[in-house]
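Summary of structural features
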Amino acid sequence: MTALSAATLAVLLGASLAAAPAQAAYGPAQPVDIQLRGYSGGYTTLVGRLVGSVRFDDGNSLYRLDLTLCRQSSYTSTKLTVTVNGAAHQWYSREDGYRPAACGGGHGLSGVVNVDVPYAGVVQNVGLVYEGLHFSGSTATPVSRSAFYDNPFN
């Protein structure tokens, strides 16, 4: 019985010491700063701001978003669409009340997206399309801007 107990213990101990799966090694953070503006009557209105960074892993199948979506004067919640290699992959619309200084102070709701996003193929680039709605009197005008980030590992 002692030999059986020792063998069982050795198997369990060996299983617990098995190598953990490899973790992604991220490259340098690529800064993101997109400001949405609306124009009417000679005035410029800050509609929304997206700030943070995009990072790519060295395995080419994962990217990381560390972003704050700042709703400034957008009539509706701002929306972020993420594309990978030119095709829509994810979208976010967040308002959790967190208001960092990066949003430019003032009032308005903001949200944070901190996420590792897996992708089934090779990530060559990530695009961010940020959208808001500028309201001026009786006219609502969609406002959007985009930026693209190349994966430095391919």
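Only a predicted model underlies this, so the values are computations on that prediction, with no experimental measurement involved.

Note: disulfide means a covalent bond formed between the sulfur atoms of two cysteine side chains. Within the structure shown, the criterion is met by one disulfide. There is a disulfide in this structure between Cys 70 and Cys 103, and the S-S distance comes to 2.0 Å. The sign of the -70° torsion about the S-S bond sets the Cys 70-Cys 103 disulfide as left-handed. One end of the pair, Cys 70, is in strand β3 (residues 62-71); the other, Cys 103, is in the loop between β5 (87-92) and β6 (110-118), and 33 residues separate them in sequence. Considered together, Cys 70 and Cys 103 belong to a single accessibility category, that of buried residues.

Taken as a whole, this structure holds one aromatic pair when the rule is applied. When the centroid spacing of 4.7 Å and the interplanar angle of 20° are considered together, the rings of Tyr 75 and Phe 135 count as stacked. On the criterion of sequence distance, the pair formed by Tyr 75 in the loop between β3 and β4 (79-84) and Phe 135 in strand β7 (residues 125-136) is long-range, its members being 60 residues apart. The exposure class assigned to Phe 135 is partly exposed, which follows from its relative accessible area of 36%. Positioned above the aromatic ring of Trp 91 is the side chain of Lys 79, whose terminal nitrogen or guanidinium carbon lies 5.4 Å from the ring centre.

Reading guide: rules and limits
- Residues numbered from 1 in each chain as written.
- Predicted model: local features only at pLDDT ≥ 70, side-chain atom pairs only at ≥ 80, totals over all residues.
- Heavy atoms only, no water.
- Disulfide = S-S within 2.5 Å.
- Helix = DSSP H or I, 4+ residues; strand = E, 2+ residues; numbered from the N terminus.
- Buried < 20%, exposed > 50% of the residue type's maximum accessible area, 1.4 Å probe, protein only.
- Phe/Tyr/Trp six-rings, centres within 6.5 Å; stacked < 30°, edge-to-face > 60°.
- Lys NZ or Arg CZ within 6 Å of the ring centre and 35° of its normal.

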